[in-house]
Amino acid sequence: MIQGTFGDEDELFFEIELIADNGLELPVDALLDTGFSGWLAMNSQDLEGLDWVYVRRQKMITARGEFNFDIYAGKVRIEGQEFDIPVHVGDGVPEVLIGSHLLKNRRLIVDISAGVLTLEVN
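Computed from a prediction, not measured in an experiment: that's the story for all the values here. (Residues numbered from 1 in each chain as written. Predicted model: local features only at pLDDT ≥ 70, side-chain atom pairs only at ≥ 80, totals over all residues. Heavy atoms only, no water.)

> Even after reading the chapter, I still don't get the environment of Met42, so can you show me in this structure?
You can see Met42 is positioned in strand 4 (residues 40-43). Through-space distance from the C-alpha of Met42 to that of Pro94 is 7.7 Å; in sequence the pair is 52 residues apart. Every residue in contact with Met42, bar those within four places of it in the chain, is listed here: Leu18, Leu47, Leu50, Trp52, Val87, His88, Val89, Gly90, Val93, Glu95 and Val96. (Helix = DSSP H or I, 4+ residues; strand = E, 2+ residues; numbered from the N terminus. Contact = heavy atoms within 4.5 Å.)

> I tried to follow the pairing of strand 3 (residues 25-33) on my own but got confused; where do I start?
On a regular strand, each side chain points to the face opposite its neighbour's, so the side chains alternate between the two faces of the sheet. With seven bridges joining them, strand 2 (residues 12-19) and strand 3 adopt antiparallel strand pairing. Looking at strand 3, one finds that Ile19 is bridged to Glu25. The antiparallel hairpin formed by strand 2 and strand 3 contains five residues in its connecting segment, where Gly23 sits at a positive phi of about 95°. Bridging between strand 3 and strand 8 (residues 97-99) involves three bridges; their strand directions are parallel. Across the sheet, residue Asp33 finds its bridge partner in strand 8, namely Gly99. (Pairing = 2+ DSSP bridges.)

> What am I meant to see in the pattern of salt bridges here?
Opposite charge on two side chains makes pairing possible when the charged atoms of those side chains draw close. For the structure on display, the rule yields eight salt bridges. Close ionic contact of Glu82 with Lys75 constitutes a salt bridge, the shortest N to O distance being 3.6 Å. A relative accessible area of 41% places Glu82 in the partly exposed class. By relative accessible area, Lys75 is classed as partly exposed at 28%. Two residues, Glu79 and Arg106, come together in a salt bridge whose shortest N-O distance is 3.3 Å. Note that Glu79 is positioned in the loop between strand 6 (65-78) and strand 7 (81-90) and Arg106 in strand 9 (residues 106-111), a separation of 27 residues in sequence. With a relative accessible area of 33%, Glu79 lands in the partly exposed category. Among the charged side chains, a salt-bridge network with shared partners connects Glu17, Glu25, Lys75, Arg77, Glu82 and Asp84. (Salt bridge = Lys/Arg side-chain N within 4 Å of Asp/Glu carboxyl O. Buried < 20%, exposed > 50% of the residue type's maximum accessible area, 1.4 Å probe, protein only.)

> I keep staring at the nonpolar core and nothing clicks. Help me out?
Soluble globular proteins tend to bury their nonpolar side chains together. Membership of the largest hydrophobic core comes to 27 residues, with the highest contact counts inside it found for Ile16, Leu18, Leu40, Met42, Trp52, Ile78 and Ile98. Ile78 has contacts with Ile2, Ile16, Trp39, Phe83, Leu102 and Arg106, leaving out every residue within four places of it along the chain. Listed in part, the nine residues of the second largest apolar core include Phe13, Phe36, Phe69 and Val93. (Core = buried A, V, L, I, M, F, W, Y, C linked by side-chain atoms within 4.5 Å.)

Written as structure tokens, this is what we have:
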């Protein structure tokens, strides 16, 4: 189970670890964006130092319109488990975002009034 935290405007944050190509682990608070269907999205400047491998370019429709993302082969650790994932990278991504793909085998529990935010494995 992952315990999350609420942002100042009740955003949903979960700590994950980005794993660089050299094995360095970087913990980050990632914003859960249920409107993003991928695994992970981040700003181009946040990619520096991770040395992930470029895969291709992908055009997607976002809340801000059509957007070109560079896709990288990345690695993250969530709940102590490592995942090799596609990472959407572009300019103007305001936060490290985790998408709804993470919810495919997890149950999201959100109770703002009680201060409860968890992701549980189904």
